[in-house]
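Here is how the chains run, residue by residue.
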Protein chains: 2
Amino acid sequence: MAIRKDGQNSFSRTTLADVARESGFSPSTISIVLNEAPISRYVAAKTKEHIREVAKRLDYRPDAFGRSLRKRRSHTIGVMIFDISDPFCTLILQGIEKSLHSTEFLPFIVDAHNQREQFERYLAMLLEYRVEGLIVVANWLFIDIETLSELERHRVPTVLVGSEMRSGPLGSVLVNNEQGGYLALQHLHSLGHRKIAFIRGPRQLWDSSRRWDGVLRFAAEVGLKMPKKWVVELTGSSESNSSFDEGRSLTSTMLQNDAGFTALLAFDDLTAFGAVRALRDFGRSVPEDCSVLGFDDVPHAALFNPSLSTVRQPMERMGSIAVGRILNEIQQGGEVAPGKGRVDLLPPELVQRESTGAIHPTSKILARKIGKI
Amino acid sequence: MAIRKDGQNSFSRTTLADVARESGFSPSTISIVLNEAPISRYVAAKTKEHIREVAKRLDYRPDAFGRSLRKRRSHTIGVMIFDISDPFCTLILQGIEKSLHSTEFLPFIVDAHNQREQFERYLAMLLEYRVEGLIVVANWLFIDIETLSELERHRVPTVLVGSEMRSGPLGSVLVNNEQGGYLALQHLHSLGHRKIAFIRGPRQLWDSSRRWDGVLRFAAEVGLKMPKKWVVELTGSSESNSSFDEGRSLTSTMLQNDAGFTALLAFDDLTAFGAVRALRDFGRSVPEDCSVLGFDDVPHAALFNPSLSTVRQPMERMGSIAVGRILNEIQQGGEVAPGKGRVDLLPPELVQRESTGAIHPTSKILARKIGKI
DNA sequence: TTGTATGCGTTATCAC
DNA sequence: GTGATAACGCATACAA
């Protein structure tokens, strides 16, 4: 670190001692006054005023390191995300941020870029910074079970958002995927669709399987047939936008094999966007020739063309609930609280927009097209 | 903070002293060895090994607060953003993160949610945490000049990304908006368009005016007429997705007044999405009946339907350049470096996709539509 | 080759 | 009402 000509280290600022010297009072008094500690009741009003004035004039700012060292509290909550460019994470993050605003805590956000190595490095750093709680935002990707269960070893209250660990004491907050899958298929079915194509999520992903369970449950209830040719599966590469590309190519393939389906249920919104693109490339319009339903309700789903019908995850709420749970655990002093290991399953919500419609409105479409010409 | 039954504060961990006690060496030796300080050359290999073994066994982690206090360095770079849900910010953030990975610095990210009050609160906190540099990511919104110029007062090297201050010593990194505006109109003009509608950015926004200057320069060069009825302006509310809504309603209005334009140049991608929606509502298809050109190239522009032609800002590069500049300034010891106050203007790049096309291919469209029917 | 002493900026406890 | 002192965890100059 460079030393400046005036002999001051460029890191140094005005400290309590400076304020003390300048005001003529002792550092302890300054501290007491500026922090409005209980004892400050006994400090003369004039003194207080003077001290505050001097502090302001010198632009004094308490040093977080000195303070945290002394108080043995960091006042930070670590927030680990795996891909900040994933719009899914983004809304959860907002929920977290907003909930933290009203507290004494500052979020310490790091982005592991879907890389295990980064995850571990950042985790270590967060622990060195003595975060008092940890929120892990798992978009539907990876970092395997072992890595996550590592989290339990550290004594920091931790909660997982957007994903569920099949076992282990780690609490989690996520949407009810099973119910979401059920709702999704129910929606298409209620619109009259019987020939439905499916792009399900990666099999190895627990949450994806749960969602699929919901689909299967509804299919069983109404006796829907799901021919193999119309059921495909994402592989789940961790590159961003990959599910768009996969959705597009899987849909293309299905269309070439047997284009007879009238609706398509995608694993998530990005996949749905890809499917819409493939359908259009194939000369099919959405929803007239084929309905498409997504999952998540990312911010752009409503802007898309056609606007995307989807199953909404209450992402912002998931974030704020996670914060609530962490604060709770912190207050309990890091003890294994009764609610620890609990799983909060939030209800999904079907959002109908333009990309899904009743089956066979072909005549109407023809009419409109001719009219336009 | 709760005290545990074993009398330990739940904040406490194993410290250097613990490792010292356990290994039989003194704290200083431990510190020297674990940090691989130069002097550690003189420490016996066996000693080193032993110390490292014990440290690992006790799961020792250096305390960032103790260390930073002593070394008077925080090893953090503050990153202030104004809306994390803005995809524009997202890519810049990624650029910042990636560039920081290879350094000793940790990004400390905060989101001011477009609120001045939050901005100030977070700024104060970042300063308390003694960030060694500050990167401000300004999506095209606000926090007025005074607020930003406040930044100069603090002795922290600061660089602004994505926006430019008209004056003041604050360095900035952004796209060449003037050139971008020029390129945009040039593109539409080269496709044969002469009747062009414009949705320009908020007038009070400096960067927006620069972009508009570029548009005007090209228009002047080729003698393009820009009737007032086809030039509208965003107001620039700070709500997210607002430019979609505004783009949509402004376009609707123009269409109702005089729908004779064959192309539309939007201030940014979100506005363009809104314009496309309005056109579609009006029964116009893009690009057949009207070309639409965006600005930014947000991640979803390519996924959109039709995929959006746009002027790309090199957002990730902007982030990494900002990091480079900050690191530079830090190395110079916070001195007013020669490059300070400099403005890096990065070249924009035209990305042609589906939403723009040559004028009057009407016959082709008719043919296709009839064929499909 | 290793240990001792000191101080970073803060706050809590106690003494005056 | 206010001030002196110690301690938080660490790294370093210096002593041994």
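Residues numbered from 1 in each chain as written. Chains lettered and ligands numbered in written order. Predicted model: local features only at pLDDT ≥ 70, side-chain atom pairs only at ≥ 80, totals over all residues. Heavy atoms only, no water.

Engineer: Run through the confidence of the model for chain A, naming residues and quoting values.
Structural biologist: Residues and elements named next belong to chain A. Of the residues in chain A, 87% reach a pLDDT of 70 or more, and the chain-wide mean stands at 88. In the model, residues 1-10 has pLDDT below 50 throughout and makes 20 contacts with residues more than four positions away in sequence or in other chains. When the criterion is pLDDT under 50, residues 363-373 qualifies, and its contacts beyond four places in sequence or with other chains add up to 13 contacts. (pLDDT = per-residue confidence, 0-100. Contact = heavy atoms within 4.5 Å.)

Engineer: An account of the environment of Ala272(B) is needed here, citing residue identities and associated values.
Structural biologist: In this structure, Ala272(B) sits in helix H11 (residues 269-281). Discounting residues that sit within four places of it in the chain, Ala272(B) has contacts with Ala266(B), Val292(B), Leu293(B), Gly294(B) and Leu308(B). (Helix = DSSP H or I, 4+ residues; strand = E, 2+ residues; numbered from the N terminus.)

Engineer: Tell me about the sheet that holds strand E1 (residues 76-81) of chain B, and name the residues and values.
Structural biologist: All names here are of chain B. Spatial strand order, E2-E1-E3-E4-E5-E11: 6 strands in an open sheet with parallel pairing. Every interior strand has two partners, whereas the edge strands, strand E2 (106-111) and strand E11 (343-346), have only one. Between one strand axis and the next, the sheet turns through 15 degrees on average, direction left out of account. In this structure, strand E3 (residues 133-137) lies alongside strand E4 (residues 158-161), joined through 4 bridges in parallel fashion. Bridging from a neighbouring strand, Val-137 pairs with Val-161 of E4. (Pairing = 2+ DSSP bridges. Axes fitted to C-alpha atoms, helices over the stretch in contact; angles between N-to-C directions.)

Engineer: Can you explain the pairing of strand E6 (residues 196-200) of chain A? Please cite residues and give values.
Structural biologist: All names here are of chain A. With 5 of 5 residues buried, E6 lies mostly within the body of the structure. Across the two faces of E6 the burial is the same, with Ile-196, Phe-198 and Arg-200 and Ala-197 and Ile-199 all buried. Here 3 bridges tie E6 to strand E7 (residues 231-233), and the two strands are oriented parallel to one another. If you follow Ile-199 over to E7, its bridge partner there is Val-232. In this region the chain leaves E6, passes through helix H9 (residues 206-222) and returns to the parallel neighbour E7; the handedness of that crossover is right-handed. (Buried < 20%, exposed > 50% of the residue type's maximum accessible area, 1.4 Å probe, protein only. Right-handed = clockwise from strand over helix to strand, strands pointing away.)

Engineer: Provide a residue-level description of the protein's contact with DNA strand D, including the pertinent values.
Structural biologist: Around DNA strand D, 25 residues are found, and the nearest of them are Tyr42(A), Ala44(A), Leu16(B), Tyr60(B) and Arg70(B). Backbone atoms, meaning sugar plus phosphate, form 65% of the atoms of DNA strand D positioned within 4 Å of the protein. Backbone polar atom of Ser26(A) to a phosphate oxygen of DNA strand D: 3.0 Å apart, as the coordinates give it. In this structure, a phosphate oxygen belonging to DNA strand D sits 3.1 Å away from a main-chain N or O atom of Asp63(B). Only helix H2 (27-34) and helix H4 (64-71) of chain A together with helix H2 (27-34) and helix H4 (64-71) of chain B provide two or more residues apiece to the surface near DNA strand D. (Near = heavy atom within 4 Å. Polar contact = N/O pair within 3.5 Å; in protein donor to acceptor, adjacent residues only side chain to side chain.)

Engineer: Which residues make up the sheet that holds strand E12 (residues 349-351) of chain B, and what are the values?
Structural biologist: Residues and elements named next belong to chain B. Strands sit in the order E7-E6-E8-E9-E10-E12 across an open sheet of 6 strands; the sheet is mixed. The open sheet has two edge strands with one neighbour each: strand E7 (231-233) and E12. Each strand of the sheet is rotated relative to its neighbour by a mean of 20 degrees, with strand direction disregarded. Pairing geometry for strand E6 (residues 196-200) and strand E8 (residues 263-265), over 3 bridges, is parallel. Considered in E8, the bridge of Ala-197 is made with Leu-264.

Engineer: Now, about the packing of aromatic side chains: what can you tell me, with residues and values included?
Structural biologist: Residues and elements named next belong to chain B. One pass over the full model with this rule turns up 17 aromatic pairs over all chains. Here the aromatic rings of Phe-198 and Trp-212 are separated by 5.5 Å at their centres, their planes lie at 85 degrees, and the arrangement is edge-to-face. Taken together, the residues span a long stretch of sequence, with Phe-198 in strand E6 and Trp-212 in helix H9 (residues 206-222) at a distance of 14 residues. Each of the two residues, Phe-198 as well as Trp-212, counts as buried. Positioned over the ring face of Tyr-122 is Arg-121, at 5.9 Å from the centre of the ring. Between Lys-229 and the ring centre of Trp-230, over which it is positioned, the NZ or CZ distance is 4.8 Å. (Phe/Tyr/Trp six-rings, centres within 6.5 Å; stacked < 30°, edge-to-face > 60°. Lys NZ or Arg CZ within 6 Å of the ring centre and 35° of its normal.)

Engineer: Describe the nonpolar core, with residues and values.
Structural biologist: Grouped together as the largest cluster of nonpolar side chains are 56 residues, with contacts concentrated most on Phe261(A), Leu264(A), Phe261(B) and Leu264(B). Every element with two or more residues in this core is listed here: E6, helix H10 (242-257), strand E8 (263-266) and helix H11 (269-281) of chain A together with E6, helix H10 (242-257) and H11 of chain B. (Core = buried A, V, L, I, M, F, W, Y, C linked by side-chain atoms within 4.5 Å.)

Engineer: Can you explain the side chain of Asp83(B)? Please cite residues and give values.
Structural biologist: Position of Asp83(B) among the secondary structure elements: in the loop between E1 and helix H5 (87-101). One buried charged residue, Asp83(B), remains without a salt bridge, the closest side chain of opposite sign being Lys98(A) at 8.3 Å. A distance of 3.4 Å separates the side chain of Asp83(B) from the side chain of Gln94(A), its partner in a polar contact. (Lys, Arg positive; Asp, Glu negative; His and termini not counted. Salt bridge = Lys/Arg side-chain N within 4 Å of Asp/Glu carboxyl O.)

Engineer: Kindly report on the protein's contact with DNA strand C, identifying the contributing residues and their values.
Structural biologist: Surveying the vicinity of DNA strand C reveals 25 residues, the closest of which are Leu16(A), Tyr60(A), Arg70(A), Ser28(B) and Arg70(B). Among the atoms of DNA strand C close to the protein, meaning within 4 Å, 70% are from sugar or phosphate groups. The separation between a phosphate oxygen of DNA strand C and a polar main-chain atom of Asp63(A) is 2.9 Å. A distance of 3.2 Å is found between a base nitrogen of DNA strand C and a backbone nitrogen or oxygen belonging to Gly66(A). Among the residues making up the surface near DNA strand C, the classes are represented as 9 nonpolar, 10 polar and 6 charged. (Nonpolar A, V, L, I, M, F, W, Y, C, P; charged D, E, K, R; others polar.)

Engineer: Lay out unusual backbone geometry with the relevant residues and their values.
Structural biologist: Cis geometry is adopted by the peptide bond preceding Pro306(A), which originates at Asn305(A) and carries an omega value of 0 degrees. Among the structural elements, Pro306(A) can be located in the loop between strand E9 (291-296) and strand E10 (309-312). With an omega of 5 degrees, the peptide bond running from Val286(B) to Pro287(B) counts as cis. Of note in this structure, Glu36(B) is not a glycine but carries a positive phi near 50 degrees. The backbone of Asp296(B) sits at a positive phi, close to 125 degrees, despite the residue not being glycine. With respect to the helices and strands, the residue Asp296(B) is situated in strand E9 (residues 291-296).

Engineer: Describe the pairing of strand E5 (residues 171-175) of chain B, with residues and values.
Structural biologist: Residue and element names in this part refer to chain B. Along E5, 5 of the 5 residues are buried, which leaves the element largely enclosed by surrounding structure. Taking every second residue as pointing to the same face, both faces of E5 are buried, with Gly-171, Val-173 and Val-175 on one and Ser-172 and Leu-174 on the other. Bridging between E4 and E5 involves 3 bridges; their strand directions are parallel. Looking across to E5, one finds that Val-159 is bridged to Gly-171. Alignment of E5 against E11, held across 4 bridges, turns out to be parallel. Counterpart to Ser-172 in the pairing with E11 is Val-343.

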